[in-house]
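Each chain is listed here by its residues.
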Amino acid sequence: MTFSPQLEARFEKLLRSYPPGRQRAALVPMLLYAQDEVGAVTPEVVEEIGRRLGVSTLEIEEVISYYSMLRRTPAGKHHIQICTNISCMLLGAEELWEHACRRLGIGHREVTPDGQFSLEEVECIGACSWAPALLVNYDYHHHMTPEKLDRLIESLRKPQ
Amino acid sequence: MLYNEPSPLEVRLLTRRFGLPNSASIETYLATEGYVAFRKALQMSPEQIIEEVKISNLRGRGGAGFPTGLKWSFVPRQSPKPKFVVVNADEGEPGTCKDRVLMENDPHQLLEGMLIAGLAVGAHTGYIYIRGEYRYLIEIMDRAIEEAYQHGYLGKNILGSGFDFDVYTHTGAGSYECGEESALLESLEGKRGIPRIRPPFPAVVGAFQCPTVLNNVETFCAIPAIIRDGGAAFAALGTPKNGGTRLFAISGHVNRPGVYELPMGFNLLRMIHEVAGGIRNGKKLKAVIPGGTSCPVLKAEECDIPMDFDSLARAKSMLGSGGVIVMDEDTCMVKVALRIMKFYAHESCGWCVPCREGTLWLKKLLTRFHEGQGRRSEIDLIGGLARNMLGRTFCPLGDAAAMPTISLVEKFYEEFEAHLDGKPCPYEIKTAVRV
Ligand SMILES: Cc1cc2nc3c(=O)[nH]c(=O)nc-3n(C[C@H](O)[C@H](O)[C@H](O)COP(=O)(O)O)c2cc1C
Ligand code: FES
């Protein structure tokens, strides 16, 4: 399987980051960066990265199942991750979460039929002082309300 | 970028560059005493650097508050193995969002702190372990690293001193447990984040089985100021044995939540009322979790307290990561206990039975309780189960789950009683909504 030149450059830099003989250290970053490009950690991704690092498929599977951001199937184009942990909960994150589910007609770790949106209820994302907070892919949105979420979804839906 | 207005009560030492134009750039950094401390450290012996850090009374900002100078002194002087500097930028403790602003607004301050640590222990390589969700910060740090190489502050023979130092960022991929130092080191090696048995501590056997200095982002960020202005000046800002300032992340039911840099020992009530603008909607204060969800809760009447490690320990709580979670009178404390346990059950790595089974059992019990299906005998069972986890796990995640739970049951017993016999939650199923 082939990756984009940008991703290859990133991999190359990663592999130079660790002490000699410690290339396995690049495993988790490689999986996550590959997922960002491919959409998921597919069996092909596992095989390719395993081949490059000399790590068995089984060992990689073991690692994937540990990390919550690594996925076997693609998320939506806009992956909305709503924090419902304590600071966000105190300011209405559970209501925000339910609103999002109703609005998109999907639940936790589900994808809309058109592949545009997916939802995930997540633990603290480091935005507690600007709660309630959510991430769309890697972009932070602070001080959310159901109305702001509606507007956000509309703006994401528009073809760019 | 700043996400909240600063407060006039702040003492801005680590955040002094926040708000300057291009505060993250090396030009701004160099124009504002950037890398001055590193130049000074190049003229000092490793012992002198460590001594200065000891004098500063700097204690780890990651949670446990261990004296930083002492930690550095545990790294063996003579070692046939290479040594490493590792930054814990996993920032996963609920209620905590301070490392994020430090890296976003002043990435070079962190790099300078790492360089000085490298000089102090004789390390030539540093890793910044950044949680996966903080992707934009990896980009900011990578840019800063590149600038530092271009300006000769990283690489070989830095400033002609003969000292070499390289820094790399490393992304996590979603795991609170990877913030625990030994799990972080496992994760850095490309494995599941399962904690290691200690001793040996990372100072002796750390990254890649080599001696390692591992500290929180904020801890490293305090180092340049300490070396530049002297450890004594830093110590003088705080209280005895609690040097310097601290970035407090205030969240919850206050008018002006935000991250504020305040001297160690700043009074908690003043923090809530004067810095954060008091409780929203004119409500009354009910409780505060003073340092992230791993810390025992304080009732309103316990909040007239100096925010430093020792004062909070005396009050049987902890300063932890500096995440101050403020709850008003309409907050259901059973719900709070449940949400906290749901988090720990989700994040338990599964390695130790008391933590894996205990958090899950408590989550189920608290869920049922909050739905009004609790039985009287089970109130004590909640506290008992939590107590049985204390000190019986490889890493402190089990304690982190148990401590707030024990305190919530003890201090808000009547709220647990109010959920018995099918009674609906007096605060309604959810905590008050005030969006
Ligand atoms: C479950 C758990 C999670 C932790 N998460 C973090 C974290 O996200 N960031 C952090 O700096 N320390 C975290 N710690 C504390 C680290 O284990 C370690 O004590 C700290 O990084 C040391 O740095 P310091 O001495 O500068 O505080 C965590 C500890 C535990 C038990
Ligand atoms: S609790 Fe939601 S971001 Fe921290």
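In case you missed it, the structure is sitting above this.
Below is a short write-up of the structure. Here the structure is a predicted model, which means the values were calculated and not measured. (Residues numbered from 1 in each chain as written. Chains lettered and ligands numbered in written order. Predicted model: local features only at pLDDT ≥ 70, side-chain atom pairs only at ≥ 80, totals over all residues. Heavy atoms only, no water.)

A few points about the pattern of salt bridges
All names here are of chain B.
- Tallied over the full model, the rule gives 40 salt bridges over all chains.
- Between Glu274 and Arg270 there is a salt bridge whose closest N-O contact spans 3.0 Å. Here Glu274 and its partner Arg270 are both found in helix H11 (residues 268-275), four residues apart, which amounts to about one turn of the helix.
- On the accessibility criterion, Glu274 (41% relative accessible area) is partly exposed.
- Owing to a relative accessible area of 35%, Arg270 belongs among the partly exposed residues under this scheme. (Salt bridge = Lys/Arg side-chain N within 4 Å of Asp/Glu carboxyl O. Helix = DSSP H or I, 4+ residues; strand = E, 2+ residues; numbered from the N terminus. Buried < 20%, exposed > 50% of the residue type's maximum accessible area, 1.4 Å probe, protein only.)

Side note on the site of ligand 1
Residues and elements named next belong to chain B.
- Gly62, Lys71, Asn215, Asn216 and Thr219 are the nearest of the 20 residues found near ligand 1.
- Here an oxygen atom of ligand 1 and a backbone polar atom of Arg61 are 3.3 Å apart.
- Interatomic distance of 2.9 Å between a side-chain N/O atom of Asn215 and an oxygen atom of ligand 1.
- A total of 610 Å² of accessible area belongs to ligand 1 in isolation, and the protein chains cover 91% of it.
- More than half of the atoms of ligand 1 fall within 2 Å of the grid points belonging to the largest pocket.
- Examining the composition of the shell around ligand 1, we find that three residues originate from one element, strand E4 (residues 212-216), more than from any other.
- When its residues are assigned to classes, the shell around ligand 1 shows four nonpolar, nine polar and seven charged. (Near = heavy atom within 4 Å. Polar contact = N/O pair within 3.5 Å; in protein donor to acceptor, adjacent residues only side chain to side chain. Areas by Shrake-Rupley, 256 points an atom, 1.4 Å probe, with all protein chains shown as cover. 1 Å grid on protein atoms, 1.4 Å probe; cavity = no way out; pocket = protein on both sides within 12 Å on 5 of 7 lines; lining within 4 Å. Sits in = over half its atoms within 2 Å of the grid points. Nonpolar A, V, L, I, M, F, W, Y, C, P; charged D, E, K, R; others polar.)

Comments concerning the nonpolar core
- Of all hydrophobic cores here, the largest spans 122 residues; its most connected members are Trp72, Leu110, Leu111, Ile128 and Phe165 of chain B.
- Among the elements that take part in this core, helix H6 (residues 107-121) of chain B stands out by supplying nine residues, more than any other.
- Setting aside chain neighbours within four positions, we find Phe165 of chain B in contact with Val85, Met114, Leu115, Gly118, Ala123, His124, Thr125, Gly126, Tyr149, Leu154, Gly155 and Ile158 of chain B.
- With 42 residues, the next largest nonpolar core counts Met89 of chain A together with Ala386, Met389 and Leu420 of chain B among its residues. (Core = buried A, V, L, I, M, F, W, Y, C linked by side-chain atoms within 4.5 Å. Contact = heavy atoms within 4.5 Å.)

Topic: the sheet that holds strand E3 (residues 166-171) of chain B
Residue and element names in this part refer to chain B.
- Strands sit in the order E3-E2-E1-E4 across an open sheet of four strands; the sheet is parallel. If you trace the sheet from one side to the other, it starts and ends with E3 and E4, each paired once. Neighbour-to-neighbour, the strand axes of the sheet open up by a mean angle of 20 degrees, direction not taken into account.
- Of the strand pairs in this sheet, strand E1 (residues 84-89) and E4 are connected by five bridges, and their pairing is parallel. Bridge pairing in E4 links Val85 to Val213.
- Its contacts with the sheet put helix H9 (residues 217-229) on E1 and E4, and the angle it makes with E4 is roughly 100 degrees. (Pairing = 2+ DSSP bridges. Axes fitted to C-alpha atoms, helices over the stretch in contact; angles between N-to-C directions.)

Describing the side chain of Asp166 of chain B
Residues and elements named next belong to chain B.
- Within the element layout of this structure, Asp166 appears in strand E3.
- Look at Asp166: it is buried, it has no salt bridge, and the nearest opposite charge is Lys156 at 4.4 Å.
- Residue contacts for Asp166: discarding those within four places in its chain leaves His124, Thr125, Gly126, Tyr149, Gly155 and Lys156. (Lys, Arg positive; Asp, Glu negative; His and termini not counted.)

A few points about the interface of chain A and chain B
- In this assembly, 52 residues from chain A lie in contact with 68 residues from chain B.
- On the chain A side of the interface with chain B, the three residues burying the most area are Tyr66, Leu90 and Trp130 of chain A, jointly 15% of the side's total.
- The interface formed by chain A and chain B includes six salt bridges.
- With a shortest N-O distance of 2.9 Å, Arg339 of chain B and Glu123 of chain A are connected by a salt bridge.
- The tally of links from chain A across to chain B stands at 26 residue pairs in polar contact (both at pLDDT 80 or more).
- If you list the elements that add at least two residues to the side of chain A that touches chain B, you get helix H1 (5-15), helix H2 (27-38), helix H4 (57-64), helix H5 (86-89), helix H6 (93-104) and strand E3 (117-122) of chain A.
- If one sorts the elements of the side of chain A that touches chain B by residue count, H2 of chain A sits on top with six residues.
- Considering only residue class, the side of chain A that touches chain B consists of 28 nonpolar, 12 polar and 12 charged. (Buried area = accessible area lost by both parts, 1.4 Å probe.)

Some points on the environment of Pro74 of chain A
Residues and elements named next belong to chain A.
- Mapped onto the elements of the fold, Pro74 is located in the loop between H4 and strand E1 (78-83).
- Along the primary structure Pro74 and Glu110 are separated by 36 residues, whereas in three dimensions their C-alpha atoms are 9.9 Å apart.
- Residue contacts for Pro74: discarding those within four places in its chain leaves Gly39, Ala40 and Val111.

A word on the packing of H6 of chain B against H9 of chain B
Residues and elements named next belong to chain B.
- Look at H6 against H9: their axes get within 7 Å of each other, and the N-to-C directions meet at 75 degrees. When the axis of H6 is compared with that of H9, the two are roughly perpendicular. Counted together, Gln109, Leu110, Glu112, Gly113, Met114, Ile116 and Ala117 of H6 and Val217, Phe220, Cys221, Ile223, Pro224 and Ile227 of H9 form the full contact between these two elements. (Parallel < 35°, antiparallel > 145°, perpendicular 65-115°, else oblique.)

Here's the deal with the pairing of strand E6 (residues 258-263) of chain B
Residue and element names in this part refer to chain B.
- In terms of burial, E6 is largely enclosed, as six of its six residues are buried.
- Side chains Gly258, Tyr260 and Leu262 project from E6 onto one buried face, and the interleaved Val259, Glu261 and Pro263 project onto a second face that is buried too.
- Connecting strand E5 (residues 245-252) to the next strand, E6, in antiparallel fashion are five residues.

Description of the layout of surface pockets
- Its volume calculated, the largest pocket comes out at about 1,300 Å³.
- Taken together, 47 residues line the largest pocket, and the ones lying closest to its centre are Gly62, Gly63, Ala64, Glu181 and Pro396 of chain B.
- Within the residue set of the lining of the largest pocket, elements represented by two or more residues are helix H5 (98-105), E4 and helix H16 (397-411) of chain B.
- With five residues, E4 of chain B is the largest single contributor of residues to the lining of the largest pocket.
- The residue inventory of the lining of the largest pocket, partitioned by class, reads 19 nonpolar, 16 polar and 12 charged.
- Its volume calculated, the second largest pocket comes out at about 710 Å³.
- Lining of the second largest pocket is provided by 42 residues; of these, Ser68, Met69, Gln81, Glu120 and Val122 of chain A occupy positions nearest its centre.
- Mapped by element, the contributors of at least two residues to the lining of the second largest pocket are H2, E1 and E3 of chain A together with helix H13 (333-347) of chain B.
- Its residues assigned to classes, the lining of the second largest pocket comprises 13 nonpolar, 15 polar and 14 charged. (Points joined across faces, edges and corners; volume = space filled by probe spheres on them.)

As far as function goes, none of this settles anything; it's purely spatial.
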